[in-house]
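A look at the structure
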Amino acid sequence: MNSMGVRLLLRDETLTARIIGEIDHHTARMVREEIDSTAQKVKPLRLCLDFSEVPFMDSSGIGLILGRYRLMQMWHGRVVLTSLPPQVEKLVELSGLNRLVTIERRETDESHE
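Keep in mind that this is a model prediction, so the values were computed, not measured.

In terms of regular secondary structure, the protein is built from three helices and five strands. The C-alpha radius of gyration computed for the protein amounts to 13 Å, which stays within 12% of the reference 13 Å derived for 113 residues, consistent with globular compactness. A principal-axis box enclosing the C-alpha atoms of the protein has dimensions of 30 × 30 × 30 Å. Relative to all contacts within the protein whose residues are 6 or more apart in sequence, the contacts with residues 24 or more apart total 68%. Carbon and sulfur atoms provide 50% of the accessible area of the protein, an area that totals close to 6400 Å².

Right under this line is the structure:
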């Protein structure tokens, strides 16, 4: 019923992953595999996870973010979360992930393509 996916864009040293749809334990694996497959090839310095099209996320999304954080640590890169819906941002803060990753508010250049 809900279409799920991820669109990846590499620009300079930044890999942007625009996640589309709800993130739960069924969909998190597919998103993780797509992001990791591309990230392993390009080894970006910055991984930007765009949540502008994510209406819902459960704790599987926390695992998704944490796993990408660990992956980026291997390459001395960083993870940036953008366009977090309020419910998702609250989950990120409650989990403490906001101390590991950078959260950028909606006024980013990413949406002006």
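Continuing now.
Time to look at the packing of helix H1 (residues 25-42) against helix H2 (residues 59-74). Look at H1 against H2: their axes get within 9 Å of each other, and the N-to-C directions meet at 15°. When the axes of H1 and H2 are compared, the pair comes out roughly parallel. Considering the relative orientation of H1 and H2, their crossing is right-handed. Contacts between H1 and H2 involve His25, Ala28, Val31, Arg32, Ile35, Asp36, Ala39 and Gln40 from the first element and Ser60, Leu64, Arg68 and Leu71 from the second. In terms of residue class, the contact of H1 with H2 is made up of six nonpolar, three polar and three charged.

Grouped together as the largest cluster of nonpolar side chains are 28 residues, with contacts concentrated most on Leu49, Phe51, Met57, Ile65 and Leu81. Only strand E2 (14-20), H1, strand E3 (46-53), H2, strand E4 (78-82) and helix H3 (86-95) provide two or more residues apiece to this core. Ranked by the residues each element gives to this core, the list is headed by H2, at six residues. Apart from residues no more than four positions distant in its own chain, leucine 49 is found in contact with Ala17, Ile35, Ile65, Arg68, Val79, Val80, Leu81 and Thr82.

With that settled, the discussion passes to the pairing of E2. Most of E2 sits inside the fold, with six of its seven residues counted as buried. Bridge count for strand E1 (residues 5-11) against E2 is seven bridges, and the pairing is antiparallel. Bridging across to E2, leucine 9 finds its partner in threonine 16. A loop of two residues connects E1 with E2, the two strands running antiparallel in sequence, and aspartate 12 in this loop sits at a positive phi of about 55°. As paired elements, E2 and E3 share six bridges and run parallel to each other. Bridged to alanine 17 within E3 is leucine 49.

Cut-offs used in this document
- Residues numbered from 1 in each chain as written.
- Predicted model: local features only at pLDDT ≥ 70, side-chain atom pairs only at ≥ 80, totals over all residues.
- Heavy atoms only, no water.
- Helix = DSSP H or I, 4+ residues; strand = E, 2+ residues; numbered from the N terminus.
- Rg over C-alpha atoms; globule rule 2.2 N^0.38 Å.
- Contact = heavy atoms within 4.5 Å.
- Areas by Shrake-Rupley, 256 points an atom, 1.4 Å probe, with all protein chains shown as cover.
- Axes fitted to C-alpha atoms, helices over the stretch in contact; angles between N-to-C directions.
- Parallel < 35°, antiparallel > 145°, perpendicular 65-115°, else oblique.
- Left-handed = near helix turned anticlockwise from the far one by under 90°.
- Nonpolar A, V, L, I, M, F, W, Y, C, P; charged D, E, K, R; others polar.
- Core = buried A, V, L, I, M, F, W, Y, C linked by side-chain atoms within 4.5 Å.
- Buried < 20%, exposed > 50% of the residue type's maximum accessible area, 1.4 Å probe, protein only.
- Pairing = 2+ DSSP bridges.

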